[in-house]
2 protein chains.
Amino acid sequence: MAVTIKDVAKKAGVSPSTVSRVLSNHPRISAETSRKVREIMEELGYHPNIMAKNLVSRTTNSICILLPKSAEELFSNFFFMELIRGIVTQANRQGFDVLISSGANEKDEVEGVSRLLNGHRVDGVILLYSRIDDPVVDFLHKNNHKFVLIGRSEHYPDILSVDTDNVQASYDATKHLISLGHERIGFVSGPPELVVSKDRLKGYMQALIDSGLESKPEWIVEGEFLQESGYRAISFFMNLPDRPTAIVLIDDVVSFGVLRGLHELNYKVPEDLCLVSFNNIPLSEMSTPPLSSVDIGIYNMGYTASQLLIQAIQNTGEAKTELGRFIIPHRLVVRESSIFSVPKGS
Amino acid sequence: MAVTIKDVAKKAGVSPSTVSRVLSNHPRISAETSRKVREIMEELGYHPNIMAKNLVSRTTNSICILLPKSAEELFSNFFFMELIRGIVTQANRQGFDVLISSGANEKDEVEGVSRLLNGHRVDGVILLYSRIDDPVVDFLHKNNHKFVLIGRSEHYPDILSVDTDNVQASYDATKHLISLGHERIGFVSGPPELVVSKDRLKGYMQALIDSGLESKPEWIVEGEFLQESGYRAISFFMNLPDRPTAIVLIDDVVSFGVLRGLHELNYKVPEDLCLVSFNNIPLSEMSTPPLSSVDIGIYNMGYTASQLLIQAIQNTGEAKTELGRFIIPHRLVVRESSIFSVPKGS
DNA sequence: TTGAAAGCGCTAACAA
DNA sequence: TTGTTAGCGCTTTCAA
């Protein structure tokens, strides 16, 4: 059996409560006893039982990440891995553990976080992405749980969330293409149930409108965060009588599919078509040609989300936690995929 | 305050232990009381306190994943994300929670898992990759903790581990190139401190030897699991007087760097150089040209590791847990990057 | 500055 | 089949 606080107390000739006080750096403890107790702890190889501590202190020092359910939804691996890295790094720094949960479907997801939260296993949750209608958000909000959203909620705009200003980012990307002289610009979106798809589409539209450019429904294609989406989209676009000369894409990975498709059709980037996408994954610098991409500071988003959640957890009771959206700044990185001016035929 | 077992007991007119028995599906409980108790639990919104349960049952129903420390070591995001997905899916299915831990350095890592394991926060650990000399493995082994390794340990060959037969896989990849007629084959390896680098290099060498082919030290380059490594390696290779006509690469991502480099130097794949790499990430199908790659079943590895660890945890005391390496089968997927026969000048 | 005692929410002998 | 009781390892009043 493991060494307990009692064992230490006995060997040190003090009471268990004294040992406990040493453990928590209680101010009113003599330096002498403290030293001695620590020595014994070391000698005996004592490790505090986290469960017991949490049980009595009614706090878990843990947060939970809800992982997207399926491989398909795990779109850009890079995106999630970076987010997780940011979250875990910051949480560990604050002495919090991170639990990872997932479910086969939305009901599963709700049950999972419910068990964890109500069962006092974790103090809060971070949702890695925002669906337009999310039962998990409903659940968390209704039950007054601590959580933060990567992205934003349409139903509850005041929810604690960390986001890119996707409307602006998409606006910037589109304006960049317009500044290059493009007048027919397409958009390859993500799944319509994700808020990010909606926001980026909006920014794209706004940029066209502000520049007095035409927008055609057939220049907008919905897809997944997968190469296949880009691949499919491109064969569609290039067969249009009045095809776009530039495209804004929801994710770098989609761009890779586009590059592949264009290569097979014998088109060149940026000569025949200019591309700008989002997320600026490391690979986008190494594709042929390198991709222009909006860097949204993914690691930073995770880091910030973690920080906010822990803050909210620790503030319980006191001044109501600051709610609302925290926007992480974005930055358009221009590379070869969008450096030429308007291609032929424009 | 949350609803406890006592509240349920009182309202149902039974004792707390009866409620506890209902909770754990104890066989000797009347259907009638069971039904009633469940009803009350539902009504009151009862959720068992996991901490309390774990404290008394002296088991945590949790495992921990140790995340590579830095972004650089997080080589192929895809690799880790798939592994994690496999681990979490299987663990959740068995009713286990997954904690994720990381550290700024090796000492941090040891302290982290030590705190979690000795503090009875988790029952076991999965290490996501194998370093040649790993203090974490030393620690876990010496303290008799339950853990499984993705990869293998050189020091402790009997450790529970899930691995690809990397020697064979690399042998297969190399033999494939040889069967295409190549006689000068290069190898771009990963960090020398990783066991996987060593094993794949060995398979490559063996294939050359078995085929009576020459191997030159300058045909072997060490690097990271990054595009840059491939990019750098290629400018080195292509300047060699007797340059390789084909290369085996430690990871698909490295291949992307190679493709980029070759493109800039105006070489073509597979006409000028054939490539085969490892991991078969989704993107490898969509590069230009699509990459031949060894699929090592990453999700499966994670899934299996999770299963083995939980098995080991649950078997404690009884028949000693089966140790040793579990090999996940691999499969070479041939695509355009290696379909041509020997390039010019060979 | 320290100790004694109660209790966090649950399980599991032992009785009944 | 159910209830009583004694903890799991820790923190935290209250008293000394």
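Residues numbered from 1 in each chain as written. Chains lettered and ligands numbered in written order. Predicted model: local features only at pLDDT ≥ 70, side-chain atom pairs only at ≥ 80, totals over all residues. Heavy atoms only, no water.

1. A word on the interface of chain A and chain B
Listed per partner, the contact involves 54 residues of chain A and 53 residues of chain B. Both sides of the chain A and chain B interface together cover about 5,000 Å² of buried area, and 62% of this is carbon and sulfur. Of all residues in chain A, the largest losses of buried area upon contact with chain B belong to Met51(A), Arg121(A) and Met286(A), amounting jointly to 15% of the total for that side. Linking chain A to chain B there are six salt bridges. (Contact = heavy atoms within 4.5 Å. Buried area = accessible area lost by both parts, 1.4 Å probe. Salt bridge = Lys/Arg side-chain N within 4 Å of Asp/Glu carboxyl O.)

2. Observations concerning helix 12 (residues 298-314) of chain B
In an α-helix there are 3.6 residues to a turn, and that puts residues three or four apart on one side. Residues and elements named next belong to chain B. The end-to-end C-alpha separation of helix 12 is 24 Å, in line with the 24 Å expected for 17 residues at 1.5 Å each. Of the positions making up helix 12, those classed as buried are Ile298, Met301, Gly302, Thr304, Ala305, Ser306, Leu308, Leu309, Ile310, Ala312 and Ile313. Buried residues along helix 12 sit against strand 1 (62-66), helix 5 (77-93), strand 3 (124-127), strand 4 (147-150), strand 5 (161-164) and strand 11 (325-328). (Helix = DSSP H or I, 4+ residues; strand = E, 2+ residues; numbered from the N terminus. Expected span 1.5 Å × (residues − 1). Buried < 20%, exposed > 50% of the residue type's maximum accessible area, 1.4 Å probe, protein only.)

3. Considering the relation of the copies chain A and chain B
Least-squares fitting of chain A to chain B yields an RMSD of 0.2 Å, with the superposition described by an axial translation of 0.1 Å and a rotation of 180°. Such a combination of turn and shift is consistent with a two-fold rotation axis. By C-alpha distance to the rotation axis, the residue of chain A lying nearest is Leu99(A), at 2.1 Å. A share of 98% of the interface residues of chain A reappears at the interface of chain B, consistent with the copies meeting face to face through the same patch. (Least-squares fit on C-alpha atoms with pLDDT ≥ 70 in both.)

4. Observations concerning the protein's contact with DNA strand C
Around DNA strand C there are 25 residues in total, and Thr18(A), Arg21(A), Arg58(A), Ile5(B) and Tyr46(B) lie nearest to it. The share of sugar and phosphate among atoms of DNA strand C within 4 Å of the protein is 71%. In the environment of DNA strand C, a base nitrogen lies 3.3 Å from a nitrogen or oxygen atom belonging to the side chain of Ser17(A). Here a phosphate oxygen of DNA strand C and a side-chain polar atom of Ser20(B) are 2.6 Å apart. Counting only elements with at least two residues in the surface near DNA strand C, the list comes to helix 2 (16-23) and helix 4 (50-57) of chain A together with helix 2 (16-23) and helix 4 (50-57) of chain B. (Near = heavy atom within 4 Å. Polar contact = N/O pair within 3.5 Å; in protein donor to acceptor, adjacent residues only side chain to side chain.)

5. Observations regarding the pattern of salt bridges
Scanning all chains against the criterion turns up 38 salt bridges over all chains. In this structure, the salt-bridge partner of Arg121(A) is Asp97(B), at a minimum N-O distance of 3.9 Å. Of the two residues, Arg121(A) sits in the loop between helix 6 (106-118) and strand 3 (124-127) while Asp97(B) sits in strand 2 (residues 97-101), which places them in two different chains. Just as Arg121(A) is buried, Asp97(B) falls in that class too. One salt bridge connects Arg152(B) with Asp199(B), and the closest N-O pair in it is separated by 2.7 Å. Here Asp199(B) lies in helix 9 (residues 195-210) and Arg152(B) lies in the loop between strand 4 and strand 5, a separation of 47 residues in the sequence. Like Asp199(B), Arg152(B) is buried. Members of the salt-bridge network, linked through shared partners, are Glu106(A), Glu109(A), Arg131(A) and Asp134(A).

6. Some thoughts on the environment of Lys6(B)
Inspection of the secondary structure puts Lys6(B) in helix 1 (residues 5-12). For Lys6(B) and Arg260(B), which are 254 residues apart along the polypeptide, the C-alpha to C-alpha distance reads 66 Å.

7. Side note on the UniProt feature "domain: HTH cro/C1-type" (unreviewed entry) in chain A
Feature annotation in UniProt places "domain: HTH cro/C1-type" (unreviewed entry) on residues 4-47 of chain A, given in this structure's numbering. Regarding residues 4-47 of chain A, the helix share stands at 68% and the strand share at 0%, and the terminal C-alpha atoms are separated by 8 Å. (UniProt positions renumbered as here; feature names shortened; annotations may be inferred.)

8. Quick look at the protein's contact with DNA strand D
Around DNA strand D, the surrounding shell holds 24 residues, and the nearest of these are Tyr46(A), Ser17(B), Thr18(B), Arg21(B) and Arg28(B). In the environment of DNA strand D, a phosphate oxygen lies 2.7 Å from a nitrogen or oxygen atom belonging to the side chain of Ser20(A). Within the backbone of Ser15(B), an N or O atom sits 2.8 Å from a phosphate oxygen of DNA strand D. Those elements that place two or more of their residues in the surface near DNA strand D are helix 2 and helix 4 of chain A together with helix 2 and helix 4 of chain B. Its residues placed into classes, the surface near DNA strand D shows nine nonpolar, 10 polar and five charged. (Nonpolar A, V, L, I, M, F, W, Y, C, P; charged D, E, K, R; others polar.)

9. Here we look at the sheet that holds strand 2 of chain B
What the 12 strands build is an open sheet, ordered 11(A)-5(A)-4(A)-3(A)-1(A)-2(A)-2(B)-1(B)-3(B)-4(B)-5(B)-11(B); its pairing is mixed. Each having just a single partner strand, strand 11 (325-328) of chain A together with strand 11 of chain B make up the two edges of the open sheet. Strand-to-strand, the axes of this sheet are offset by a mean angle of 25°, without reference to chain direction. Where strand 4 (residues 147-150) of chain A meets strand 5 (residues 161-164) of chain A, two bridges bridge the pair, whose relative direction is parallel. (Pairing = 2+ DSSP bridges. Axes fitted to C-alpha atoms, helices over the stretch in contact; angles between N-to-C directions.)

10. As for the sheet that holds strand 8 (residues 246-249) of chain A
Residues and elements named next belong to chain A. With respect to topology, six strands assemble into an open sheet ordered 7-6-8-9-10-12, the strand pairing being mixed. Of all the strands in the sheet, the pair left with one neighbour each is strand 7 (220-221) and strand 12 (331-333). Of the pairings in the sheet, the one linking strand 6 (residues 185-188) to strand 8 comprises four bridges and is parallel in character. Its bridge partner being in strand 8, Phe187 is matched across the sheet by Val248. Along the sheet, helix 8 (residues 166-179) contacts strand 6, strand 8, strand 9 (274-278), strand 10 (292-295) and strand 12; its crossing angle with strand 9, the most-contacted strand, is approximately 165°.

11. A few points about the environment of Pro16(A)
Residues and elements named next belong to chain A. In this fold, Pro16 is placed in helix 2. Separated by 106 residues in sequence, Pro16 and Val122 place their C-alpha atoms 27 Å apart. Ignoring sequence-local partners within four residues, the contact set of Pro16 consists of Ile5, Lys6 and Ala9.

12. Things to note about the packing of aromatic side chains
Counted according to the given criterion, the structure contains 10 aromatic pairs over all chains. Considering the side-chain rings of Phe79(B) and Phe80(B), the 5.2 Å spacing of their centres and the 90° angle between planes classify their relative orientation as edge-to-face. Phe80(B) shares its class with Phe79(B); the two are buried. Above the face of the Phe278(A) ring, Arg200(A) is positioned so that its terminal group lies 4.0 Å from the ring centre. (Phe/Tyr/Trp six-rings, centres within 6.5 Å; stacked < 30°, edge-to-face > 60°. Lys NZ or Arg CZ within 6 Å of the ring centre and 35° of its normal.)

13. Re the domain arrangement of chain A
Residues and elements named next belong to chain A. Its domain assignment divides chain A into domain 1 (62-164 + 297-314) and domain 2 (166-295 + 332-338). Domain 1 and domain 2 are separated by 29 Å when their C-alpha centres are compared. Across the contact, 14 residues belong to domain 1 and 15 residues belong to domain 2. Summing the contributions of domain 1 and of domain 2, the shared interface buries around 1,300 Å²; its carbon and sulfur component is 59%. A salt bridge links Glu154 to Lys198, with the shortest nitrogen-to-oxygen separation between them at 2.9 Å. Our count for the domain 1 to domain 2 interface comes out at six residue pairs in polar contact (both at pLDDT 80 or more). Those elements giving two or more residues to the side of domain 1 that touches domain 2 turn out to be helix 5 (77-93) and strand 5. (Domains from an automatic or database assignment.)

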